[in-house]
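The lines below spell out each chain.
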Amino acid sequence: MAANTPWQFKEGLTPGAGSFLPAPQSSEELQQFTGRPTTYWSDAIRRIRRNKLAVVGFWIIVALLVVAVVGPMVSPYSYEEQDLENTFQSPTLRHPFGTDQLGRDQLTRVMYGSRISLAVGIVCAALNFLIGVTYGGISAYFGGRVDDIMMRIVDILYGIPTLIIVILLTVLFKDKGVSPLVNVFIAIGLTYWLPMARIVRGEILSLKEREFALAAKTIGAPNNRILFRHLIPNAMGPIIVTVTLEIPSAIFTEAFLSYIGLGVSAPVASWGVLASDGTEAIRSFPYLVLFPALAISLTMFAFNFLGDGLRDALDPRLRQ
Amino acid sequence: MLKFILRRVLSMILVVLIVASATFFMMRLLPSGPFAREKKLPPEIIKNLEARYHLDDPLWKQYVDYMKNLLRGDLGPSFKYKNRTVNNIINDGFPVSAALGLVAVLLAVAIGIPLGIWGALKQNGWQDSLVMFVALLGVSVPNFIMAVLLMFIFALGLHVVPAAGWGSFKQVILPAFTLAGYPIAFLARLVRSSMLEVLRQEYITTARAKGLSERLVIFRHALRNILIPVVTVLGPLIAAVFTGSFVVEKIFAIPGLGRYYVTSINDRDYTTILGVTIFYSALLVFMNFLVDLTYAWLDPRIRYVERKVS
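A quick note: this is a predicted structure, and the numbers were derived from the prediction, not measured.

## Points about the packing of helix α4 (residues 86–121) of chain B against helix α9 (residues 214–251) of chain B
Residue and element names in this part refer to chain B. It is the contact of α4 with α9, at a shortest axis distance of 9 Å, that shows an interaxial angle of 140 degrees. As summarised for this structure, α4 and α9 are arranged oblique, according to the angle between their axes. Considering only the axes of α4 and α9, their crossing is right-handed. For the pair formed by α4 and α9, the contact residues are Ser97, Leu100, Gly101, Ala104, Val105, Ile113, Ile117 and Leu121 on the first element and Ile218, Leu223, Val230, Val241 and Glu249 on the second. Within the contact of α4 with α9, the residues separate by chemical class into 10 nonpolar, 2 polar and 1 charged.

## Looking at the packing of aromatic side chains
Taken as a whole and assessed by the stated rule, the structure comprises 19 aromatic pairs over all chains. Ring geometry for phenylalanine 252 of chain A versus phenylalanine 144 of chain B: centroids 6.4 Å apart, planes at 20 degrees, classification stacked. Taken together, the positions of phenylalanine 252 of chain A in helix α12 (residues 236–259) and phenylalanine 144 of chain B in helix α6 (residues 143–157) put the pair across two chains. Side by side, phenylalanine 252 of chain A and phenylalanine 144 of chain B carry an identical accessibility label, which is buried. Ring centres of phenylalanine 24 of chain B and tyrosine 66 of chain B lie 5.6 Å apart, and the angle between their planes is 40 degrees; on these two criteria the pair is classed as tilted. Here phenylalanine 24 of chain B, found in helix α1 (residues 2–29), pairs with tyrosine 66 of chain B, found in helix α3 (residues 59–71); they are 42 residues apart in sequence, far enough to count as distant. Following the ring pairs from residue to residue traces out a cluster consisting of Phe252, Phe256 and Tyr259 of chain A together with Phe144 of chain B.

## Observations regarding a nonpolar patch on the surface
On the surface, Leu290 and Leu294 of chain A together with Leu149, Phe152, Ile153, Phe154, Leu158 and Val160 of chain B cluster together to form a nonpolar patch covering roughly 670 Å² of accessible area. Sorting the residues of the nonpolar patch by element identifies α14 (287–314) of chain A together with α6 of chain B as the ones contributing at least two each. Among the elements that line the nonpolar patch, the one with the most residues is α6 of chain B, at 4 residues. On the secondary structure map, leucine 149 of chain B appears in helix α6.

## Quick look at the confidence of the model for chain B
Residues and elements named next belong to chain B. On average, residues of chain B score 81 in pLDDT, and 93% of them are at 70 or above. A low-confidence stretch, residues 306–310 stays under pLDDT 50, and its non-local contacts, those more than four residues away or across chains, total 6 contacts. This complex was scored by the predictor with a pTM of 0.79 and an ipTM of 0.77.

## Comments concerning the pattern of salt bridges
If you walk through the whole model with that rule in mind, you get 7 salt bridges over all chains. Between aspartate 308 of chain A and arginine 311 of chain A there is a salt bridge; the shortest N-O distance is 3.0 Å. Taken as a pair, aspartate 308 of chain A and arginine 311 of chain A lie in helix α14 at a separation of 3 residues, close to a single helical turn. Taking the relative accessible area as the measure of exposure, arginine 311 of chain A reaches 24% and is therefore partly exposed. Residue aspartate 65 of chain B is joined to lysine 61 of chain B by a salt bridge in which the shortest nitrogen-to-oxygen separation is 3.3 Å. In this pair, aspartate 65 of chain B and lysine 61 of chain B are both assigned in helix α3, 4 residues apart and thus about one turn of the helix distant. Taking relative accessible area as the criterion, aspartate 65 of chain B reaches 27% and is therefore assigned partly exposed. Shared partners join several salt bridges into a network, and the residues in it are Asp308 and Arg311 of chain A together with Arg189 of chain B.

## Side note on unusual backbone geometry
Residues and elements named next belong to chain B. Notably, asparagine 124 is not glycine yet its phi reads approximately 70 degrees, a positive angle. Mapped onto the elements of the fold, asparagine 124 is located in the loop between α4 and α5 (126–140). Judged by relative accessible area, which is 65%, asparagine 124 ranks as exposed.

Reading the values: rules and limits
Residues numbered from 1 in each chain as written. Chains lettered and ligands numbered in written order. Predicted model: local features only at pLDDT ≥ 70, side-chain atom pairs only at ≥ 80, totals over all residues. Heavy atoms only, no water. Axes fitted to C-alpha atoms, helices over the stretch in contact; angles between N-to-C directions. Helix = DSSP H or I, 4+ residues; strand = E, 2+ residues; numbered from the N terminus. Parallel < 35°, antiparallel > 145°, perpendicular 65-115°, else oblique. Left-handed = near helix turned anticlockwise from the far one by under 90°. Contact = heavy atoms within 4.5 Å. Nonpolar A, V, L, I, M, F, W, Y, C, P; charged D, E, K, R; others polar. Phe/Tyr/Trp six-rings, centres within 6.5 Å; stacked < 30°, edge-to-face > 60°. Buried < 20%, exposed > 50% of the residue type's maximum accessible area, 1.4 Å probe, protein only. Patch = residues over 30% accessible without salt bridge, like charges linked within 9 Å, V, L, I, M, F, W, Y side chains within 5 Å. Areas by Shrake-Rupley, 256 points an atom, 1.4 Å probe, with all protein chains shown as cover. Salt bridge = Lys/Arg side-chain N within 4 Å of Asp/Glu carboxyl O. pLDDT = per-residue confidence, 0-100.

Written out as structure tokens, the structure reads:
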């Protein structure tokens with residue numbers, strides 16, 4: 001095999017009679033020539049690798065995760081440690097991002113903020129995934145009146161701006177004494193599943209008419225097995241795309257809530273809190289708002305890049 | 001068509017009533033009453049206050065009264081500001097927000113659609129990459145960051161426009177662009193992809209084969225068909241402009257409804273939160289209704305399907 005690869009011709013090997021191989025006899029042998037059979041997923045990975053922006057987005061996310069986990073551990077400062085003699089320091093070697101109004105190290109706070117933002121993104125996306133997939137799946141699978149009622153509810157919720165629902169839920173739970181971060185999880189997790197439910201419903205509606213679903217039914221598989229083992233795994237492509245694109249909107253919403261004073265609050269440093277504090281000092285100390293702003297934008301960028309790439313790679317209908 | 005309108009109007013009323021009821025009970029669920037302040041009030045005063053706002057009535061009666069008033073368009077008094085009703089607040093704030101929102105939507109349409117067309121016509125060229133990059137930027141930069149950045153560059157840095165305030169034309173520019181940022185990006189992406197799809201259709205090939213000029217092909221034949229997906233997303237875009245105004249109005253110190261809303265939330269001014277929420281939902285549902293009407297009017301296929309179903 002190796003002797004026949006083109007680059008060895010260049011090194012002076014002339015193709016002689018001995019370099020021809022007999023035609024393959026078995027399918028395993030054939031595979032040595034054609035490469036592994038491509039599946040939906042290996043195909044998708046290949047396509048996503050070719051999409052430079054998506055790869056960049058992926059690595060930014062990996063870097064962010066590393067910074068979020070390791071950063072606050074190795075930093076010599078803690079996110080809440082105040083140093084009132086060194087407030088509003090411009091960026092220096094000791095404080096690369098400067099210090100804030102209480103002398104806290106801004107770099108540490110931004111790194112700590114990435115923990116909160118990524119946690120919000122992941123937890124909320126997981127909640128949306130669970131609720132949206134189950135809801136949409138049940139609605140489509142059982143169809144008829146169940147579908148009608150369930151989708152009417154989704155339509156009604158769609159009529160209200162999501163942010164308003166999130167704000168109301170946050171006010172409600174905040175006054176009930178739920179801790180701010182959990183509150184954000186609940187408020188966002190309970191509201192952003194609507195697009196997911198619609199997408200899953202659409203997928204399942206067509207999938208449930210396919211032969212493999214009928215086959216599962218004929219051998220007597222129970223409904224929940226057909227739905228969760230056979231139908232939903234086949235809708236995974238669009239589901240993953242939706243999840244990836246919901247992470248940045250969850251991160252945005254948390255930052256937004258914290259910015260208007262409804263999300264996590266001091267001394268905990270979320271990017272929204274940092275941006276909000278920074279805005280107040282923008283005239284004199286613009287770098288304070290700059291770094292959290294860059295961090296939020298970069299994160300949303302990375303997830304949107306990756307989500308876009310995934311959509312092109314996983315959603316066959318959009319293939320061009 | 002008439003049946004379609006009638007059905008939509010009924011469902012609109014239903015949605016607003018559901019939102020109103022849900023929000024009403026949610027506000028009543030809150031453990032701290034509206035008069036819980038830092039300083040504890042004497043029980044007599046609380047009693048008087050509760051009597052004044054009818055909070056001592058049984059819950060069902062409060063609900064029925066509120067709904068009755070709502071049907072007459074009366075959203076009740078504000079808990080926070082004596083002598084001001086929620087209607088006053090909406091009357092003061094909404095015209096400002098609406099003016100700002102209108103400018104933002106116009107900007108979005110005037111910039112987003114041409115950007116998208118340009119990208120599609122130069123598919124895979126650097127212009128296309130540029131358009132897609134700008135679009136992704138617009139979707140990724142949160143509006144409050146955009147607001148701060150624009151304010152920093154154009155007001156504090158270049159001094160071309162005032163940093164904040166409301167009243168002159170120059171003060172509209174920055175907030176309007178901030179609000180338009182997301183819609184511009186969203187429209188550019190949408191228009192680009194629909195344009196690419198439309199350009200592959202056979203009627204475009206036919207139009208070109210007839211020897212029509214490229215301009216005529218794009219603007220007469222392709223553009224019309226792009227308008228349909230654009231109209232469908234106008235509803236969510238208007239919603240984005242509304243909710244964007246919460247923070248944009250706060251940053252730019254604009255006396256609009258969005259800012260009052262956020263203030264009322266921080267003040268726990270429950271009647272105002274309730275009233276403005278209902279107002280927003282009613283407005284948005286109505287906008288979606290208008291969008292649907294336009295949609296049905298633009299695309300005869302939809303009218304046909306609707307008629308067959310009903």
